[in-house]
Amino acid sequence: MPPTMDVLVSLAKRRGFVFQSSEIYGGTGSCWDYGPLGVELKNNVKRVWWRDFVQQRADMVGLDASILMHPMVWKASGHLDHFSDPMVDCRECRHRFRADHVDAVPWTHYCPATKENRFTIPAGEPCRHCGARRTLCPDCGKGALTEPRPFHLMFKTFMGSVEDSAAVTYLRPETAQAMFVNFDNVLQSMRLKLPFGIAQVGRSFRNEITPGNFIFRTREFEQMEIEFFVNPSDTVDGRPADEYWHDRWIEDCLAWFRRYGLRDEALRLREHDKDELSHYSKRTVDIEYEFPIGWSELMGIANRTDFDLRQHAQHSGKALTYFDEERRQHVTPYVVEPAAGVDRALLAFMADAYREEVVRGEKRVVLRFHPELAPVKVAVLPLLKKREDIVRTAHAIRADLARHWRVVYDDTAAIGRLYRRQDEVGTPYCVTVDVQTVGDAGKAERGDGRVTIRDRDSMEQIRVPIDEVVGVFTRLIAGEAWSQVAAGRGATGDPPEAAG
Ligand code: GAP
């Protein structure tokens, strides 16, 4: 059973993934802080995205632009004129809603068929008693809602010491525009040939009317965006290059989410209807994920045509074209834009990894993260924390492994409980140091210099010489199957698992 959002929020807080921002002051409602494990997970999501889509591709380069840009950027991009959502207000309680989301929340109803009893009715459903559908404010159930009016989503601020209209600027609502305004800088400095892409990971800000659902919709979030420029005169496999590359990027992005663990059946594509397309888009396809709140957008892949480069060329007076040597002409490239949210991807990876299992009659909560995403790769655990030689060996192994990965040492409970803790935060492997490893000097017994490695998912264990541990984890974390790495290595007789 997939977890509810409440289960995820509670686990995220309890185990140091995500905290409510400014919680001691009552929180902000729409901002979240990533805790010690959350920041590792988030960094891993961004790192593998960058490695797979930038580092490993010959046709991609990166950019890290400033958040505050020239205000004309937002005029040219269309954000100043178009970037708004329809908003309605309750005339009684003054709560505000996005007009197109107002039926997506449970609603309060004072039912005339039950002497005005107050009910909370699930989103979109009618009252079971009187059959009425929502017409009033979903929160207070009493006030009429105003007509929808546009609400601008960009955060406005002032640049410099004078707060007048000349100093007005905006926090960027998407990372994309920096790639367009730097198109020529990147093209010239890197001597690129079409097709090529510019990628950027960074913060964006939107003054959402109804943020919520944990980190799904927030006012401050991170994006991983690519602007992939193609020559509109080219064809690939007999198709216009922009259309070919649009489909390629949809496939590649879908494959990426599958590769890092999202189940096939929880992913689907959604084609935007013509009347839903953004002002710049020829075609947009969303990758949707079945979040705990239902099917929702995980990322979008749009064909933005040459809209942005033309707009910026017109508003700046600078040419933003590419010289097509073959045809001896200047062209304005078309742009395919895979745009993903870091926070939303993290939420999907967490929801998909969550399992509740019964092991030897007890509930085990486990986050089956892909090893590359797991916040902690290895936990090193001493079987007996009072044995100085065991503890010393465990610390030495942790220090050695920590040169390569995020590794923790923990001796604050019995081994069974330590394993469960690591399962719950998704640590794929544990290393246990026991008496057999170090021997017993008092009895003149030599240790065998081997440790137990335990696999989170199968809970199987193998014994491995200490000097082979780094090599074993290199193979496992790179994606080699446990069964393959474990083959030929002895399983432990009386597993430390049972000792807890
Ligand atoms: N440059 C195109 C663009 O920004 P978008 O569909 O508005 O497109 C891309 O945003 C992705 O950014 C979304 O699919 C989502 O993952 C993420 N995103 C957008 N608004 C968000 C918000 N308020 N909170 C969290 N993530 C958001």
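Residues numbered from 1 in each chain as written. Predicted model: local features only at pLDDT ≥ 70, side-chain atom pairs only at ≥ 80, totals over all residues. Heavy atoms only, no water.

Caption draft 1: Here's a closer look at the sheet that holds strand E29 (residues 461-465). As summarised here, the arrangement of the five strands in space is E24-E23-E25-E28-E29, forming an open sheet in which the pairing is mixed. Looking at the sheet topology across the chains shown, the edges are occupied by strand E24 (407-409) and E29. The average angle at which neighbouring strand axes cross in this sheet is 25 degrees, direction not considered. In the sheet, strand E28 (residues 450-455) pairs with E29 via five bridges, with the strands oriented antiparallel. Opposite Thr 452, over in E29, you have Arg 463 as the bridge partner. (Pairing = 2+ DSSP bridges. Helix = DSSP H or I, 4+ residues; strand = E, 2+ residues; numbered from the N terminus. Axes fitted to C-alpha atoms, helices over the stretch in contact; angles between N-to-C directions.)

Caption draft 2: Just the site of the ligand, in detail. Around the ligand, the structure places 20 residues, and the nearest of them are Glu 174, Glu 208, Thr 218, Glu 225 and Glu 297. In this structure, Glu 297 approaches the ligand through a side-chain N or O atom, which is 2.5 Å from an oxygen atom. Note that an oxygen atom of the ligand is positioned 3.0 Å from one of the backbone N or O atoms of Gly 341. About the coverage of the ligand: the protein hides 91% of its 560 Å² of free accessible area. Put simply, the parts of the chain that give the shell around the ligand at least two residues each are strand E12 (220-230), strand E17 (294-305) and strand E20 (334-341). Split by residue class, the shell around the ligand holds seven nonpolar, four polar and nine charged. (Near = heavy atom within 4 Å. Polar contact = N/O pair within 3.5 Å; in protein donor to acceptor, adjacent residues only side chain to side chain. Areas by Shrake-Rupley, 256 points an atom, 1.4 Å probe, with all protein chains shown as cover. Nonpolar A, V, L, I, M, F, W, Y, C, P; charged D, E, K, R; others polar.)

Caption draft 3: Structural detail: helix H7 (residues 241-259). Look at H7: 26 Å from first C-alpha to last across 19 residues, which is about the 27 Å you get at 1.5 Å a residue. Among the residues of H7, Ala 241, Asp 242, Tyr 244, Trp 245, His 246, Trp 249, Ile 250, Cys 253, Leu 254, Trp 256 and Phe 257 are the ones counted as buried. One or two positions beyond H7, positive phi appears at Gly 261, with a value near 115 degrees. (Expected span 1.5 Å × (residues − 1). Buried < 20%, exposed > 50% of the residue type's maximum accessible area, 1.4 Å probe, protein only.)

Caption draft 4: Highlighting the nonpolar core. Core analysis: the biggest nonpolar cluster contains 70 residues, and Phe 17, Trp 249, Trp 256, Phe 257, Tyr 289, Leu 298 and Phe 349 have the highest contact counts within it. If you look at the next biggest cluster of nonpolar residues, it comprises 31 residues, including Met 69, Ala 176, Ile 209 and Val 335. (Core = buried A, V, L, I, M, F, W, Y, C linked by side-chain atoms within 4.5 Å.)

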